[in-house]
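Each chain, written out:
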2 protein chains.
Amino acid sequence: MYAEIVASGTELLMGETQDTDSSYLGARLPALGLELRQITLVGDDMERYVEVLERSWKRNPFTFTTGGLGPTVDDVTREAIAQVFGEQVYVDGQQRQVLIDLFKSRSTEMPVRNIKQAWLIPSARAIPNRMGTAPGWWAEKEGRVIVAMPGPPRELYEMWEGQVVPQIKERVKGSVVLTRTIKTIGLGEALVDEMATEVLGIQNPYVGTYAKPDGIYLRVIARGSTEGEAQALLAPVDEKLRRIFDKSVWGIDDETVEERVGTLLHQQGLTLATMESCTGGQLADLITNVAGSSRYYKGGIISYTNELKIASGVPAHLIETHGAVSEPVAAAMAQAARMRLNADLGVGITGVAGPEALEGKPPGTVFIGVADAKAAKASAYRFPANNRGLVKRRAVTSALLALRGHLTSAV
Amino acid sequence: MYAEIVASGTELLMGETQDTDSSYLGARLPALGLELRQITLVGDDMERYVEVLERSWKRNPFTFTTGGLGPTVDDVTREAIAQVFGEQVYVDGQQRQVLIDLFKSRSTEMPVRNIKQAWLIPSARAIPNRMGTAPGWWAEKEGRVIVAMPGPPRELYEMWEGQVVPQIKERVKGSVVLTRTIKTIGLGEALVDEMATEVLGIQNPYVGTYAKPDGIYLRVIARGSTEGEAQALLAPVDEKLRRIFDKSVWGIDDETVEERVGTLLHQQGLTLATMESCTGGQLADLITNVAGSSRYYKGGIISYTNELKIASGVPAHLIETHGAVSEPVAAAMAQAARMRLNADLGVGITGVAGPEALEGKPPGTVFIGVADAKAAKASAYRFPANNRGLVKRRAVTSALLALRGHLTSAV
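Residues numbered from 1 in each chain as written. Chains lettered and ligands numbered in written order. Predicted model: local features only at pLDDT ≥ 70, side-chain atom pairs only at ≥ 80, totals over all residues. Heavy atoms only, no water.

1. Digging into the sheet that holds strand β10 (residues 206-212) of chain B
Residues and elements named next belong to chain B.
Part 1 of the reasoning: Strand order in the open sheet made by the 4 strands is β10-β11-β9-β12, with antiparallel pairing throughout. One side of each edge strand has no neighbouring strand; the edge strands of this open sheet are β10 and β12 (249-252). Strand-to-strand twist in this sheet, taken as the mean axis angle between neighbours without regard to direction, amounts to 25°.
Part 2 of the reasoning: In this structure, strand β9 (residues 176-184) lies alongside β12, joined through 3 bridges in antiparallel fashion. Residue pairing for β12: Thr 184 is matched across the bridge by Val 249. (Pairing = 2+ DSSP bridges. Helix = DSSP H or I, 4+ residues; strand = E, 2+ residues; numbered from the N terminus. Axes fitted to C-alpha atoms, helices over the stretch in contact; angles between N-to-C directions.)

Set out below in structure tokens:
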């Protein structure tokens, strides 16, 4: 069953606010058996809004709108739905009372303009908003539904989970969509595409490939009238792809590299320490984004100066001989990190984030070391040097993947 | 002059990738005199893509597409434009050579599929891609332009700034939009509104206020037929707002808190060291995102364990008496960081990122210390605990703002 999202707000078009509501909804529709065809962002522009909304309503069983439910003149979602349905808005007595009580509970008078939030049309009923003053609308005509929800994420999330999802489940039966994402590393997109040829181009299950900073993703989308039917379509392709890509697969579905590494460390009962130079703490940041990382992550040193590298256990002669940005120093940093912090594993990153060259090495030059009780090894990387932030990001992703490689080969 | 954006990729509809390209472009179009009417996200769905693209092309002088330029079968942007223009694609010899040389420089053979990226149509010319294999398209028919750009941000940004903007400036004359963003801290949105009353509600220049994690932003948008005219409208309001908000202003336009802090440190010839617990290196990461930060940033310690805090100079008795998550320990961490790394200033962050409580303190509890040669002070913060990543982010922003406060009051 098809659906579209229409998000409104001039700030979305000005790039001042990122439309996270649509991706929140987009990620949740398939499991409800709804297939999202399109997301449209419009400004606080009545004419354009009505045009987009009408087109969506005419061809989709479900249209979801976000934003435009506030009390100001810019908030035109109710007017737009009324116009699309050709109906007149009226002040609903019950909703009016809900608002008055709400403001009373905040011990303030209801501002006159908020009466807008008590509006309804004959074909719409109000959806309670537990987080704010703006009720949503469940508007339905000719068997097709427009669900209007507020833009502020915490209001949207609560209304979606608590009020909208149950009503959708009531309506949508006999259509289940299952997805599987297989994350590979070390292969180019075109090569992945070639390797997966036999399953590409099929309609159901549908397989797509996507290039990401941490490798090429394959995504399988299977549709069935029941969970079992969708599963029966998904499983063989899932297994086939895992067999084809085998060791190149580092993660499944929404698992991140840092989560994968965390799981492996925890499973193997190993602890980790880091010493970062050019990535300036970003590796530690990602590692500690994982809840429970304190079980295996002991901490790190951001050795932005050579003095600190040496004070932390990197032999000074290595820096003198090879330079701070070198394979031996990366290996020594990894070793020093695990020694200094009493960890089983150590990772060291040294490089040139840019924009200036360092020790005659161009921006994008990065060395990553991994050390355990047996040995310390380092590898050289060369990333596109256009952007300091991206050099850091790629170095960190590569370090996590190197760590993952070490943990899996060690098994 | 009107513009629309069409972003393609099933991953955008599945909520797997946030469409940051559109907000990047949306924020930059006004300054080029282009008014964005609509952003549409479609899947890798030829029929829908062509429908949306054709509608946009027919009514806008400029349509920008992002994504769908890869080498795989579901990269259909070229096919969609060809169909909208009713033209046939052909392999361009020059582009083919560019690709072959590119792969040669990576010492690999060009996969057969990549030949797609050498496609052109009579009405399109290739836009060089310095960051990847996919050239963009500048496609123009009946005086209306479709600019096709790759989806990966680093490729899009470089192509936009380096290749597309100059060509748009060539075309769009007689309409210049200038913007100025003034970033304030320490004032509520309602108060900011009140203080700015006299300039709010004017149409040109238009002033808007936006609540952000690092304070309230005021955005001035001035339109003129020439740069000078727009500037003449912008300048007085800009000056007035800077005068009104004075010491509450911490940054202008794209300047970030970490850049502001970096500028202040550099101007005052001071060095900085950090010790982070709950933020796990994110503060250091942001500080080192600033080019040239090695001039003032000496490095940091991520003391994820109490042993490391103590080994780094935090008095053990403070942790025993007050707990690791406490004001005294935050101050001691700041002091220890500057002592241990021989820096003029030290910052210490300790807190509970969540989801679990720590030492009986709930997630969102954070203490931030700032130390100089004279003293070490710490403050308590309490952030919404719903999301581990957001607690870290808010803590880091607060630490940077505290540092900025210290550096400006010290002046």
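2. Quick notes on empty space enclosed by the protein
Part 1 of the reasoning: A complete count under the given rule lists 1 cavity of 30 Å³ or more for this structure.
Part 2 of the reasoning: Size it by volume and the largest cavity reaches roughly 150 Å³.
Part 3 of the reasoning: Around the largest cavity, the lining comprises 16 residues; the ones closest to its centre are Gln 18, Asp 19 and Leu 41 of chain A together with Gln 18 and Asp 19 of chain B.
Part 4 of the reasoning: Secondary structure elements with two or more residues in the lining of the largest cavity: α2 (20-28) and β2 (35-42) of chain A together with α2 (20-28) and β2 (35-42) of chain B.
Part 5 of the reasoning: Partitioning the lining of the largest cavity into residue classes produces 6 nonpolar, 8 polar and 2 charged. (1 Å grid on protein atoms, 1.4 Å probe; cavity = no way out; pocket = protein on both sides within 12 Å on 5 of 7 lines; lining within 4 Å. Points joined across faces, edges and corners; volume = space filled by probe spheres on them. Nonpolar A, V, L, I, M, F, W, Y, C, P; charged D, E, K, R; others polar.)

3. Digging into the packing of helix α3 (residues 46-59) of chain B against helix α4 (residues 77-85) of chain B
The description of two packed helices rests on the angle between their axes and on the distance between the axes.
All names here are of chain B.
Part 1 of the reasoning: In contact at an axis separation of 9 Å, α3 and α4 are set at 55° when each is read in the N-to-C sense. When the axes of α3 and α4 are compared, the pair comes out oblique. The hand of the α3/α4 crossing is right-handed. Mapping the contact onto sequence places Met 46, Tyr 49, Val 50, Leu 53, Glu 54 and Trp 57 in α3 and Thr 77, Glu 79, Ala 80, Ile 81, Gln 83, Val 84 and Phe 85 in α4.
Part 2 of the reasoning: Taken together, the residues of the contact of α3 with α4 sort by class into 9 nonpolar, 2 polar and 2 charged. (Parallel < 35°, antiparallel > 145°, perpendicular 65-115°, else oblique. Left-handed = near helix turned anticlockwise from the far one by under 90°. Contact = heavy atoms within 4.5 Å.)

4. Focus: unusual backbone geometry
Part 1 of the reasoning: The amide bond that connects Asn 204 of chain A to the next residue, Pro 205 of chain A, takes the cis arrangement and shows omega of 5°.
Part 2 of the reasoning: For Asn 342 of chain A, which is not glycine, the phi torsion reads 50° and is therefore positive.
Part 3 of the reasoning: Looking at where Asn 342 of chain A falls in the secondary structure, it is placed in the loop between α13 (327-340) and β15 (345-351).
Part 4 of the reasoning: Non-glycine residue Asp 253 of chain B carries a positive phi angle of around 55°.
Part 5 of the reasoning: Mapped onto the elements, Asp 253 of chain B comes out in the loop between β12 and α9 (257-267).

5. Thoughts on the pattern of salt bridges
Part 1 of the reasoning: Using the criterion set out here, one finds 44 salt bridges over all chains in the structure.
Part 2 of the reasoning: Of the charged contacts in the structure, one is a salt bridge between Glu 79 of chain A and Lys 116 of chain A, with a shortest N-O distance of 3.0 Å. Of this pair, Glu 79 of chain A sits in helix α4 (residues 77-85) while Lys 116 of chain A is found in the loop between α5 (93-105) and β5 (119-120), placing the two residues 37 residues apart along the sequence.
Part 3 of the reasoning: What makes Glu 79 of chain A partly exposed here is its relative accessible area of 22%.
Part 4 of the reasoning: Two residues, Glu 161 of chain B and Arg 28 of chain B, come together in a salt bridge whose shortest N-O distance is 3.7 Å. Of the two residues, Glu 161 of chain B sits in helix α6 (residues 153-171) while Arg 28 of chain B sits in helix α2, which places them 133 residues apart along the sequence.
Part 5 of the reasoning: Judged by relative accessible area, Glu 161 of chain B falls into the partly exposed class, the value being 43%. (Salt bridge = Lys/Arg side-chain N within 4 Å of Asp/Glu carboxyl O. Buried < 20%, exposed > 50% of the residue type's maximum accessible area, 1.4 Å probe, protein only.)

6. Overview of the sheet that holds strand β8 (residues 144-149) of chain B
Part 1 of the reasoning: Taken in spatial order, the 12 strands line up as β6(A)-β7(A)-β8(A)-β3(A)-β1(A)-β2(A)-β2(B)-β1(B)-β3(B)-β8(B)-β7(B)-β6(B) in an open sheet, and their pairing is mixed. Taken across any chain shown, the strands that pair with only one partner, and hence form the sheet edges, are β6 (124-127) of chain A together with β6 (124-127) of chain B. The average angle at which neighbouring strand axes cross in this sheet is 15°, direction not considered.

7. Observations regarding the relation of the copies chain A and chain B
Part 1 of the reasoning: Note on the identical chains: chain A maps onto chain B by a rotation of 178° and an axial translation of 2.3 Å, with an RMSD of 3.0 Å.
Part 2 of the reasoning: Same-surface contact between copies: 79% of interface residues of chain A are shared with the interface of chain B. (Least-squares fit on C-alpha atoms with pLDDT ≥ 70 in both.)

8. A short note on the interface of chain A and chain B
Part 1 of the reasoning: At the junction of the two partners, chain A supplies 71 residues and chain B supplies 71 residues.
Part 2 of the reasoning: On the chain A side of the interface with chain B, the three residues burying the most area are Glu 16, Arg 48 and Tyr 304 of chain A, jointly 11% of the side's total.
Part 3 of the reasoning: In this assembly, chain A and chain B are joined by 9 salt bridges.
Part 4 of the reasoning: Here Arg 59 of chain B ties to Glu 51 of chain A by a salt bridge, and the two come within 3.0 Å at their closest N and O atoms.
Part 5 of the reasoning: Viewed at the interface, chain B and chain A are joined by 33 residue pairs in polar contact (both at pLDDT 80 or more).
Part 6 of the reasoning: Considering each element in turn, the side of chain A that touches chain B owes the most residues, 7 residues, to β2 of chain A.
Part 7 of the reasoning: Residue classes in the side of chain A that touches chain B are distributed as 27 nonpolar, 25 polar and 19 charged.
Part 8 of the reasoning: The pairing of strand β14 (residues 297-302) of chain A with strand β14 (residues 297-302) of chain B spans 3 bridges and is classified as antiparallel. Bridge pairing in β14 of chain B places Ile 302 of chain A opposite Gly 300 of chain B. (Buried area = accessible area lost by both parts, 1.4 Å probe. Polar contact = N/O pair within 3.5 Å; in protein donor to acceptor, adjacent residues only side chain to side chain.)

9. Brief notes about the pairing of strand β15 (residues 345-351) of chain B
All names here are of chain B.
Part 1 of the reasoning: Counting buried positions over the 7 residues of β15 gives 7, a clear majority of the element.
Part 2 of the reasoning: Going residue by residue along β15, you find Leu 345, Val 347, Ile 349 and Gly 351 tucked away on one face and Gly 346, Gly 348 and Thr 350 tucked away on the opposite face as well.
Part 3 of the reasoning: As defined by bridge partners, strand β13 (residues 272-276) adjoins β15 across 5 bridges and the pair is classed as parallel. Each residue of the ladder has a partner; that of Leu 272, found in β15, is Leu 345.
Part 4 of the reasoning: As paired strands, β15 and strand β16 (residues 365-371) are joined by 6 bridges and run antiparallel to one another. Among the inter-strand pairings, Val 347 is bridged to a residue of β16, identified as Val 370.

10. Regarding the domain arrangement of chain A
All names here are of chain A.
Part 1 of the reasoning: Once the domains are mapped, chain A shows domain 1 (2-171), domain 2 (176-252) and domain 3 (257-409).
Part 2 of the reasoning: Taken over C-alpha atoms, the centre of domain 2 sits 32 Å from the centre of domain 3.
Part 3 of the reasoning: The interface of domain 2 with domain 3 comprises 6 residues on the first partner and 6 residues on the second.
Part 4 of the reasoning: The largest per-residue losses of area from domain 2 upon contact with domain 3 belong to Pro 213, Asp 214 and Trp 250, which jointly make up 79% of the total buried on that side.
Part 5 of the reasoning: There are 0 salt bridges connecting domain 2 and domain 3.
Part 6 of the reasoning: The interface formed by domain 2 and domain 3 holds 1 residue pair in polar contact (both at pLDDT 80 or more) in total. (Domains from an automatic or database assignment.)

11. Remarks on helix α3 (residues 46-59) of chain A
Part 1 of the reasoning: Given a rise of 1.5 Å per residue, 14 residues ought to cover 20 Å, and the 20 Å separating the end C-alpha atoms of α3 of chain A matches this to within 8%.
Part 2 of the reasoning: Between the side-chain oxygen of the N-cap and the backbone nitrogen of Glu 47 of chain A there are 3.2 Å, and the N-cap of α3 of chain A in question is Asp 45 of chain A. (Expected span 1.5 Å × (residues − 1).)

12. As for the environment of Ile 216 of chain A
All names here are of chain A.
Part 1 of the reasoning: If you trace the backbone, Ile 216 turns up in strand β11 (residues 215-224).
Part 2 of the reasoning: Taking the C-alpha atoms as reference, Ile 216 lies 6.1 Å from Glu 189; in sequence the two are 27 residues apart.
Part 3 of the reasoning: Setting aside residues no more than four positions away along its own chain, Ile 216 makes contact with Ile 182, Lys 183, Thr 184, Leu 187, Gly 188, Glu 189, Val 192, Thr 209, Tyr 210 and Ala 211.

13. So, the side chain of Ser 398 of chain A
Residues and elements named next belong to chain A.
Part 1 of the reasoning: With respect to the secondary-structure elements, Ser 398 resides in helix α14 (residues 388-410).
Part 2 of the reasoning: You can call Ser 398 buried: its relative accessible area is 13%.
Part 3 of the reasoning: If we skip the residues at most four places from it in the chain, Ser 398 touches Ile 368, Tyr 381 and Phe 383.

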